[in-house]
Amino acid sequence: MAPDPDAALMLAFQQGDEAAFRTLFERNARAMVSFCHHFVRDAARAEELAQDVFLKLHQARGRYRQTARFKTFLYRIASNHCLNELRRGEYASRSAAPRDGEPSQDLDALPSSAATPEETARGAALERAVRRLLARLPESQRAALVLARFEGLSYEEVAQVLETTVPAVKSLVHRATVAAAEALAPFQAAPPQQEVLP
Amino acid sequence: MRHPTSDLTALVDGALPPERAEAVRRHLAACAGCAAEERRLRGAVALLAALAPAPEPSPFFAARLEARLRAEGTRRAGWLARLVALRWRLAVPAAALAAAALVTTASIRQARGRERAMAEQLELLEDYEAVASLGDVEAAEDVQVIADLDALEREGRP
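Chemist: Quick question: what am I supposed to make of the nonpolar core here?
Modeler: Side chains that are nonpolar tend, in soluble globular proteins, to be buried together. Residue and element names in this part refer to chain A. If you look at the biggest cluster of nonpolar residues, it comprises 64 residues, and the most contacted ones within it are Cys36, Ala50, Ala78, Ala144, Leu147 and Val158. Per-element tally for this core: the top contributor is helix H2 (residues 18–40), with 9 residues. Residue contacts for Val158: discarding those within four places in its chain leaves Ala144, Leu147, Ala148, Leu153 and Val169.

This is the structure:
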């Protein structure tokens, strides 16, 4: 296994080095906010969730064992936390997908001001469609889709995070992508011909 | 080859082993239905990849986490202090309970020892009374002689 600087930092933190935790946070904060955002499609909520993840990481220092890459350990905490949050009724009502025509609550996710009004509108509509798609996917498919499609993890890494097998991940990602193809059909005017790697 | 529908997403993701990927590509070249499905999936993957990137963490993200960590530390320290205080408060009754249990156990052991000694004596006296009733024992000192004879009998000697 290649050297894992984050794992070394986590081990240092286990030995009481608080500065190592700060460095871990700085190295992974943006990725965690991004991951949580992909899960809940809400910027403010994503920050709250990402902070929860780092709090849990701080509390879990004693449980860390360097048997897998640190990234896997961190994404496992984050996935479990996001899934637990999604199961909570309170959050479900807050995260209900907006109806067509409603403005997106997540203004940060809109395209930049350099986009044309048509591109902006299309981007917002696509964002809403994806939010609706994620809201109705079964949790395991949602987690697999976010990890593989948005976070760029390999099927093997997703299997480690979700503590399942590679064939199971392949099936989950496939079913979620089929659902995405159906949900995003109106946006698929000109399907690309080139292979897209995750 | 059967329609490799369940392999199409993995093909798009480049996650199939090379031999399997090649076999699926050959099938796509000959099967319009599977080729259309593969294009549809590839299109969905491209749309998801084209979503606006996730927002940057806010400027106060790190400061808020620091505050939450401090609050969590204070809360845990408070719990720990309460736990220690509770342990001291429970220590005296617990020590008294332990001492009482020790005394009770010692008393029970002592009583059992006495009962065992009495039982042994009782058995010996019963033997003495049985022999005395035959008129063969004249003095209490003969009790020891009877005991020795009993021991020899248990060992198989006359």
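Once the structure has been displayed, the description carries forward.
Chemist: Looking at this model, I keep getting lost on the packing of helix H4 (residues 70–87) of chain A against helix H7 (residues 139–150) of chain A. Mind explaining?
Modeler: Helix packing geometry: the angle between the two helix axes and the distance between the axes. Residue and element names in this part refer to chain A. Across the interface, H4 lies against H7 with an axial gap of 11 Å and an inter-helix angle of 140 degrees. In terms of their interaxial angle, H4 and H7 are classed as oblique. Relative to H7, the crossing made by H4 is right-handed. Only Glu139, Ala143 and Leu147 of H7 make contact with H4, whose side of the interface consists of Tyr75, Ser79, Leu83 and Leu86. Class assignment for the residues of the contact of H4 with H7 results in 5 nonpolar, 1 polar and 1 charged.

Chemist: Could you clarify how one ought to interpret H4 of chain A in this entry?
Modeler: For an α-helix, 3.6 residues make a turn, and residues three or four places apart therefore share a direction. Residue and element names in this part refer to chain A. Between its terminal C-alpha atoms H4 stretches 26 Å, which fits the 26 Å expected from 18 residues at 1.5 Å a residue. Every buried residue belonging to H4 is among Phe70, Phe73, Leu74, Tyr75, Ile77, Ala78, Ser79 and Cys82, and all of these are buried. Contacts from the buried residues of H4 go to helix H1 (5–14), H2, helix H3 (43–59), H7 and helix H8 (155–162).

Chemist: What exactly am I supposed to notice about the interface of chain A and chain B here?
Modeler: As a measure of interface size, the accessible area lost when the parts come together is often cited. Every contact between the two is made by 39 residues of chain A and, on the other side, 32 residues of chain B. Broken down by secondary-structure element, the contributors of at least two residues to the side of chain A that touches chain B are H2, H3, helix H6 (117–136) and helix H9 (166–183) of chain A. By residue class, the composition of the side of chain A that touches chain B is 22 nonpolar, 10 polar and 7 charged.

Chemist: Even after reading the chapter, I still don't get the confidence of the model for chain B, so can you show me in this structure?
Modeler: The predicted coordinates of low-pLDDT regions are not to be read in fine detail. All names here are of chain B. Residue-level pLDDT values for chain B average 79, and 68% of them are 70 or greater. Of all the helices and strands in chain B, helix H5 (residues 142–154) carries the lowest mean pLDDT, 70, while helix H1 (residues 8–12) carries the highest, 97. Taken over the whole predicted complex, pTM reads 0.67, whereas the ipTM for its chain interfaces reads 0.78.

Chemist: What is the right way to read the confidence of the model for chain A from this model?
Modeler: Residue and element names in this part refer to chain A. When pLDDT is averaged along chain A, the result is 83; 81% of the residues meet or exceed 70. No element of chain A has a lower mean pLDDT than helix H5 (residues 89–94), which averages 51, and none a higher one than H9, which averages 97. Taken as a whole, residues 93–111 scores under 50 in pLDDT and shows 31 contacts with residues more than four places along the chain or in a different chain. Within the model, pLDDT remains below 50 along residues 194–198, and this stretch shows 13 contacts once partners closer than five positions in the same chain are excluded.

Chemist: Got a minute to help me understand the packing of H6 of chain A against H9 of chain A in this structure?
Modeler: Residues and elements named next belong to chain A. The contact between H6 and H9 brings their axes to 10 Å, and the two run at 140 degrees. The angle between the axes of H6 and H9 places the two elements in the oblique class. Between H6 and H9 the crossing geometry is right-handed. For the pair formed by H6 and H9, the contact residues are Ala129, Arg132 and Leu133 on the first element and Ala179, Ala180 and Ala183 on the second.

Criteria and thresholds
Residues numbered from 1 in each chain as written. Chains lettered and ligands numbered in written order. Predicted model: local features only at pLDDT ≥ 70, side-chain atom pairs only at ≥ 80, totals over all residues. Core = buried A, V, L, I, M, F, W, Y, C linked by C-beta atoms within 7 Å. Buried ≥ 20, exposed ≤ 12 C-beta atoms within 10 Å, placed from the backbone. Helix = DSSP H or I, 4+ residues; strand = E, 2+ residues; numbered from the N terminus. Contact = placed C-beta atoms within 7 Å. Axes fitted to C-alpha atoms, helices over the stretch in contact; angles between N-to-C directions. Parallel < 35°, antiparallel > 145°, perpendicular 65-115°, else oblique. Left-handed = near helix turned anticlockwise from the far one by under 90°. Nonpolar A, V, L, I, M, F, W, Y, C, P; charged D, E, K, R; others polar. Expected span 1.5 Å × (residues − 1). pLDDT = per-residue confidence, 0-100.

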